[in-house]
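Coordinates in review
Listed here are the chains, written in short residue letters.
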Amino acid sequence: MAFTSNRSTPDYLFEKAEQCFQRARTDPNVRVKLEALGNVFMIKAVELDVKLQNLAKANYTAALPVRA
């Protein structure tokens, strides 16, 4: 699995999910398996995106100065 520096991991997972869904529409022999795999990619992408957003929020609030 190679990652490029100009896209995030959640974006990569969303892209792979979309590829699975598109392929599922064109190949009826493996439709169910590809849709299931696409769903797994989508779930992982959303979970990771939420974690990254929460981490970014935590870092932002931790960096704010405390006002007395």
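Source: prediction; values computed, not measured.

The rules we used
Residues numbered from 1 in each chain as written. Predicted model: local features only at pLDDT ≥ 70, side-chain atom pairs only at ≥ 80, totals over all residues. Heavy atoms only, no water. Helix = DSSP H or I, 4+ residues; strand = E, 2+ residues; numbered from the N terminus. Contact = heavy atoms within 4.5 Å. Areas by Shrake-Rupley, 256 points an atom, 1.4 Å probe, with all protein chains shown as cover. Salt bridge = Lys/Arg side-chain N within 4 Å of Asp/Glu carboxyl O. Buried < 20%, exposed > 50% of the residue type's maximum accessible area, 1.4 Å probe, protein only.

Here we take up the overall build of the protein. The helix and strand tally for the protein stands at two helices and zero strands. The long-range share in the protein, meaning contacts at least 24 apart out of those at least 6 apart in sequence, stands at 44%. If you sum the accessible surface of the protein, you get close to 5600 Å²; carbon and sulfur atoms cover 58% of it.

Moving on: the pattern of salt bridges. Inspection of the entire model under this criterion finds two salt bridges. Residue E18 pairs with R25 through a salt bridge whose shortest N-O separation is 3.8 Å. Given a relative accessible area of 62%, R25 falls into the exposed group. For R31, the salt bridge identified is with E35, shortest N-O distance 3.8 Å. Here E35 and R31 lie together in helix α2 (residues 31-63), a separation of four residues that amounts to about one turn. Taking relative accessible area as the criterion, R31 reaches 41% and is therefore assigned partly exposed. Of the residues examined, E35 reaches a relative accessible area of 33% and is grouped as partly exposed.

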